[in-house]
Amino acid sequence: MREITQNRIDKLDRLFESYAMVAEGTDVYVCDVKYDYSRWSKSAIELYGLSSEYMYAAGEIWEQYIHPKDRTIYRESINEIMTTGEGRHDVQYRVKDISGKYDTCTCRGVIIRDDNNEPEYFVGMIRNHSINGCIDNITGLRNQNGFFHDVNRYLKSHIPFKIVMYGSTNYTRINDLFGYDFGTRIMRHVMKFMVDHDKDMGDMYRLDGVRIAMITRDVTMEELEKNYEYYRERASRSFLFEGENIKVNINAGAIAVDSFDVDSDTILSCLMHAYKESKYNKQGKFCVFDTSINKNSIYELERINSIRRCVADSCRNFIIYYQPILDAGSEKLAGAEALIRWKDEDGNVVPPNDFIPILENDALFPELGEWIMRRSMEQCLDIVKADPGFILNINLSYAQLQQINFINVVTRALEDTGYPAENLCFEITERCRLLDHDMLKDISFNLKEKGIRIALDDFGTGFSSLELLQDMYIDVIKIDKQFVKNIVSDEKQLSLIKLVNRMSEIFGAVTCAEGVETVEMRDILRQCEVHKMQGYLYSKPVPMEDFIYKFIERN
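The residue numbering used here restarts from 1 in each chain and proceeds along that chain's sequence as written. The predicted origin of the model limits local features to residues at a pLDDT of at least 70 and limits the giving and counting of side-chain atom pairs to 80 or more, whereas totals for whole chains, interfaces and linings rest on all residues. Remark: hydrogens and water are excluded; side-chain values derive from all non-hydrogen atoms of the structure.

**A look at the overall build of the chain**
Alright, step 1. For the purposes of this entry, the term helix denotes a DSSP run of H or I that reaches at least four residues, the term strand denotes a run of E that reaches at least two, and both are numbered from the N terminus. Check the secondary structure of the chain and you find 19 helices and 23 strands.
Alright, step 2. Put simply, the radius of gyration uses C-alpha atoms, and a globule should come to 2.2 Å times the residue count raised to 0.38. For a compact globule of 555 residues, the expected C-alpha radius of gyration is about 24 Å, and the chain comes in at 30 Å, more than 25% above that figure.
Alright, step 3. Seen along its three principal axes, the alpha-carbon backbone of the chain occupies a region of about 105 × 55 × 40 Å.
Alright, step 4. Residue exposure (1.4 Å probe, protein chains only): buried if accessible area is under 20% of the type maximum, exposed if over 50%, otherwise partly exposed. Here the chain, with 555 residues, has 52% of them falling under the buried criterion.
Alright, step 5. Any two residues having at least one pair of non-hydrogen atoms within 4.5 Å are treated as being in contact. For the chain, long-range pairs separated by at least 24 residues make up 63% of all intrachain contacts whose partners lie at least 6 apart in sequence.

In structure tokens, the structure reads:
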């Protein structure tokens, strides 16, 4: 085999780049027939695990990746076009990717002749049908299907990688002001700018809505953050687009993946958690998901993956703890709040703050939410029969509330368990501000029609509590523990509790103080005429058997 000259390599490169420019959605190859020396698309090298973009005897190498049963048809087609120099190579076969999975591909190629009419180059493309439909029509980027395909490929190949997700906080506002078509053109403009700037850093994807992601193998997290800050600074300045001054507010979350016993859905959920931290809590700051292997890290990627698998496996290893809610005056049991826990393989109980904030972004979460609802109803049914005044409080997330069939899910759970609706109270948090308020109002009306109570949890911790209180049919205002913890010594907290109590009367609601830990706190809250109390003074959350013994059997 003759060694190719640099002049021939330069010519090969020029030819390759010309074809690659117009071969969208396919992998290009160009072979110098005289030297049997080829250049292949970088994407093909990564997808199939080939050794290099430049190869001698590439046809023989490539044949080893083709399914054994398809090699004959491939070889016959290649031999015919190489022998005769006529016609074209056009054949479909299965090819093994880097993870060991066979994908169906169509391979097409033609011979280019030199001035003496001798075969000089063999040029073609390979289309992998398993990733067809992976291109976004609006932006031309790979879409969410392509994103998952590539993430899974890296996981199966044990290739460390990083993902950064970008999005806008005011895109809806732009659509409202200028129209959807204008908003789409803005999105294309911004994404093109980012793609042009990031093309040497990694692969870009359009996910749902206006979120885009970049997967990179070589760039450090520090470089990604620096790159994002450049975008953020540029986007924060108004720019002229089609005669309009536009300002785009952006946010970003990122994750580094260097452990591979996890699935792509877990990675996306953790990435979404970091993204939403940036969007809703950090004013657009670059947020990185903590994938530390420290067992004390509540955001350990492997742990989240294990929890997701348990949800998918009929909510295996999940248990419900109950914390009593007592009447403030008599200190008699008024109800209990159901609180989810998860046990790891070693039997360690993991509290909800270690996984709920992440799973709320996961498509699996409504399944877990329904399990909590049904299981707690089943466990508390006998208590209600013995004490008709007992109220079961169940926390709802915005992910459950935004389900189209949420009311039907509740109705079926009540019917199947036989639990009385009037003994049920759903707790919603300030995070429900993310949902459409008209929809929330309709949901609260439908629940109230059934006799179900609604509590506004963590009251005062966000910006929308008063708005939610005004828009929805609220029965209980739960005063967050941060407004109670210093009530013995802080006159401002005392005045605030009294104010909330008076406000609750305006809306026809009662108050429940959380975080009551001492007798002194209890006595002062009584003076404030708080209606109900909950906290460690009475009990921490406990399993049902302990709850029954302590608050039912002993009484």
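**As for the state of the cysteines**
Alright, step 1. By definition, disulfides here are pairs of cysteine sulfur atoms that lie within 2.5 Å. Following the criterion strictly, the structure yields zero disulfides and no others.
Alright, step 2. Left unpaired, Cys310 is separated from the closest cysteine sulfur, that of Cys315, by 9.1 Å.
Alright, step 3. Using a relative accessible area of 2% as the deciding quantity, one classes Cys310 as buried.
Alright, step 4. The cysteine Cys512 is free of any disulfide, with Cys425 supplying the nearest cysteine sulfur at 9.3 Å.
Alright, step 5. With relative accessibility at 1%, the residue Cys512 sits in the buried group.

**With respect to unusual backbone geometry**
Leave glycine aside and you will find that most residues have negative phi; peptide bonds, for their part, are mostly trans.
Alright, step 1. Although it is not a glycine, Asn117 sits at a positive phi angle of roughly 65°.
Alright, step 2. With respect to the helices and strands, the residue Asn117 is situated in the loop between β5 (102–113) and β6 (119–128).
Alright, step 3. Its identity as a non-glycine residue notwithstanding, Glu529 has a phi of 65°, on the positive side.
Alright, step 4. Examined against the element boundaries, Glu529 turns out to sit in the loop between α18 (519–527) and β22 (532–533).

**Points about the pattern of salt bridges**
Alright, step 1. We count a salt bridge whenever a side-chain nitrogen from Lys or Arg sits within 4 Å of a carboxyl oxygen from Asp or Glu. By the definition in use, this model includes 34 salt bridges.
Alright, step 2. For the salt bridge of Arg526 with Glu331, the shortest nitrogen-to-oxygen distance reads 3.4 Å. Remark: Glu331 occurs in the loop between β14 (318–327) and β15 (333–343) and Arg526 occurs in helix α18; sequence separation between them is 195 residues.

**Points about the side chain of Asn251**
Alright, step 1. You can see Asn251 is positioned in strand β12 (residues 250–257).
Alright, step 2. According to the relative accessible area criterion, Asn251 is buried, its value standing at 0%.
Alright, step 3. There is a polar contact of 3.4 Å between the side chain of Asn251 and the side chain of Tyr275.
Alright, step 4. Leave out the neighbours within four places in its chain, and Asn251 touches Met165, Tyr166, Gly167, Ser168, Thr169, Tyr228, Tyr275, Ser278, Lys279 and Gly284. Side-chain atoms alone can form a polar contact between residues adjacent in sequence; in general such a contact is a pair of N or O atoms within 3.5 Å, and within protein one must be able to donate a hydrogen while the other accepts it.

**Section: the pairing of β6**
Alright, step 1. By the criterion of burial, β6 is predominantly enclosed, with eight of the 10 residues buried.
Alright, step 2. Inspection of the sheet shows β5 paired to β6 by nine bridges, in the antiparallel sense. When the sheet's bridge partners are listed, Val110 is paired in β6 with Val123.
Alright, step 3. Linking two consecutive strands that pair antiparallel, namely β5 and β6, is a turn of five residues; a positive phi of about 65° is found at Asn117 within it. Two strands pair if DSSP finds at least two bridges between them.

**So, the packing of helix α12 (residues 365–386) against helix α19 (residues 544–553)**
Alright, step 1. Angles here are taken between N-to-C directions and fall from 0 to 180 degrees, while the axes themselves are lines fitted to C-alpha atoms, restricted in helices to the stretch in contact. The contact between α12 and α19 brings their axes to 12 Å, and the two run at 15°. Regarding the angle of α12 to α19, the classification is roughly parallel. Considering how the two elements wind past one another, α12 and α19 form a crossing that is right-handed. Counted together, Gln379, Cys380 and Ile383 of α12 and Met544, Phe547, Ile548 and Ile552 of α19 form the full contact between these two elements.
Alright, step 2. In the scheme used here, Gly and all other residues not listed as nonpolar or charged are polar, with Ala, Val, Leu, Ile, Met, Phe, Trp, Tyr, Cys and Pro taken as nonpolar and Asp, Glu, Lys and Arg as charged. Split into classes, the residues belonging to the contact of α12 with α19 amount to six nonpolar, one polar and no charged. In these notes the angle categories are as follows: under 35 degrees is roughly parallel, over 145 is roughly antiparallel, 65 to 115 is roughly perpendicular, and the rest is oblique. Two helices crossing with the near one rotated counterclockwise from the far one by less than a right angle form a left-handed crossing, whereas a clockwise rotation gives a right-handed crossing.

**Digging into empty space enclosed by the protein**
Alright, step 1. Grid points spaced at 1 Å and placed over the protein atoms alone form the basis of the search, with a cavity being a set where a 1.4 Å probe fits but cannot get out and a pocket an open set showing protein on both sides within 12 Å along at least five of seven lines. Lining residues have an atom within 4 Å of a point. Grid points are joined across faces, edges and corners, and a volume is the space filled by probe spheres set on the points. Tallied over the entire structure, the rule returns one cavity of 30 Å³ or more.
Alright, step 2. Roughly 80 Å³ of volume is contained in the largest cavity.
Alright, step 3. What lines the largest cavity is simply Ile325, Ala334, Gly335, Ala336, Ile391, Asn393, Cys425, Arg453, Val476, Lys478, Cys512 and Lys532.
Alright, step 4. At the level of elements, β15, β17 (391–395) and β20 (476–479) are the ones that each hand at least two residues to the lining of the largest cavity.
Alright, step 5. The leading source of residues in the lining of the largest cavity is β15, at three residues.
Alright, step 6. Residue classes in the lining of the largest cavity are distributed as seven nonpolar, two polar and three charged.

**Notes on helix α7 (residues 180–198)**
An α-helix turns once per 3.6 residues; consequently, residues spaced three or four apart project the same way.
Alright, step 1. For α7, with 19 residues, the first-to-last C-alpha span of 26 Å sits near the 27 Å given by 1.5 Å per residue.
Alright, step 2. If you check which residues of α7 are buried, you get Phe182, Gly183, Thr184, Ile186, Met187, Met191, Met194 and Asp198. One less than the residue count of a helix, multiplied by 1.5 Å, gives the span that helix is expected to have.

**Remarks on helix α8 (residues 221–236)**
Alright, step 1. For α8, which comprises 16 residues, the first-to-last C-alpha distance of 22 Å matches the rise-based estimate of 22 Å (1.5 Å per residue) to within 8%.
Alright, step 2. Buried residues of α8: Met221, Leu224, Asn227, Tyr228, Tyr231 and Ala235, and no others. All buried residues of α8 lie within an arc of 120° about the axis, which places them on one face of the element. In α8, those exposed residues whose orientation departs by more than 90 degrees from the buried face are Glu222 and Lys226.
Alright, step 3. On the buried face of α8, the contacting elements are β7 (161–168), α7, β9 (212–216), β12, α9 (264–281) and β13 (287–288). Comment: arc refers to directions from the helix axis out to C-beta atoms.

**Some points on the sheet that holds β13**
Alright, step 1. Reading across the sheet, the five strands line up as β8-β9-β7-β12-β13 and stay open at both edges, with mixed pairing between neighbours. Here the strands that pair on one side only, and so sit at the sheet edges, are β8 (203–206) and β13.
Alright, step 2. Taken together, the four bridges between β8 and β9 define a ladder with antiparallel strand orientation. Bridging across to β9, Asp203 finds its partner in Ile215.
Alright, step 3. The sheet strands contacting α7 are β7, β8 and β9, and the helix crosses β8 at an angle near 165°.

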